[in-house]
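Next come the chains, spelled out residue by residue.
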Amino acid sequence: MSKPARPAPAGPQPPTPEQVAPEQLAQGRTLTLATLWALFLLTVLPFVAGLVQGQTEGALRQSLYALATAFLLGMVWRGSTWAWRLTVSFGMVAGLLVFVVGMLAGGASWRGWMVSVAGLGYLVLATALVGTPSIRAFLDSRWAARRRP
């Protein structure tokens, strides 16, 4: 038996890669790369700051986290939809949790407010991967290129 055809989703459809202007793809490439680098740097900044201060406890575990993050963000760059979904999900959850923890710590120290700013950074960067038209156009073109034989 053959599967029934899936109905077309309702609502406006995103433009195909052929319908997107090359300027928007070039801008999306730059913005995507900047967003992915910012996510990586925001993730490894506490680890690097601890190393600079001489805190080497847990360095192996933190290095593995940094490598896993680099792998995940590299997969987003290559056009993996599952990596993009994980990145957006992790960014939103981490951003919310880091923001709340920073707000709670902000009552006792100014450093808590800096942690809250990092949480907002995660939220903004994860939202940029979803809501910036040029980033989405670039990622859509990557996804389409991966689907073609």
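Provided above is the structure to which this section pertains.
The following paragraphs examine the structure supplied in this document. (Residues numbered from 1 in each chain as written. Predicted model: local features only at pLDDT ≥ 70, side-chain atom pairs only at ≥ 80, totals over all residues. Heavy atoms only, no water.)

## Topic: the packing of aromatic side chains
Stage number 1. A complete count under the given rule lists three aromatic pairs for this structure.
Stage number 2. Where tryptophan 84 meets tryptophan 143, the ring centres are 5.1 Å apart and the plane angle is 65 degrees; that geometry is what we call edge-to-face. Of the two residues, tryptophan 84 is situated in helix 3 (residues 81-106) and tryptophan 143 in helix 5 (residues 133-147); the sequence distance between them amounts to 59 residues. Exposure class is identical for tryptophan 84 and tryptophan 143. Each is buried. (Phe/Tyr/Trp six-rings, centres within 6.5 Å; stacked < 30°, edge-to-face > 60°. Helix = DSSP H or I, 4+ residues; strand = E, 2+ residues; numbered from the N terminus. Buried < 20%, exposed > 50% of the residue type's maximum accessible area, 1.4 Å probe, protein only.)

## A short note on helix 5
Stage number 1. Across its 15 residues, helix 5 extends 21 Å between first and last C-alpha, which sits within 8% of the 21 Å expected from 1.5 Å per residue.
Stage number 2. What helix 5 keeps buried is the set Ser134, Ile135, Ala137, Phe138, Leu139, Asp140, Ser141, Trp143 and Ala144. (Expected span 1.5 Å × (residues − 1).)

## A few points about the nonpolar core
Stage number 1. In terms of nonpolar packing, the biggest core is built from 21 residues, with Leu36, Leu39, Val76, Trp84, Leu129 and Leu139 touching the most fellow members.
Stage number 2. Residue assignment for this core shows that the elements contributing at least two residues are helix 1 (22-52), helix 2 (59-78), helix 3, helix 4 (110-131) and helix 5.
Stage number 3. Leaving out residues up to four positions away in the same chain, tryptophan 84 has contacts with Val76, Leu129, Val130, Arg136, Leu139 and Trp143. (Core = buried A, V, L, I, M, F, W, Y, C linked by side-chain atoms within 4.5 Å. Contact = heavy atoms within 4.5 Å.)

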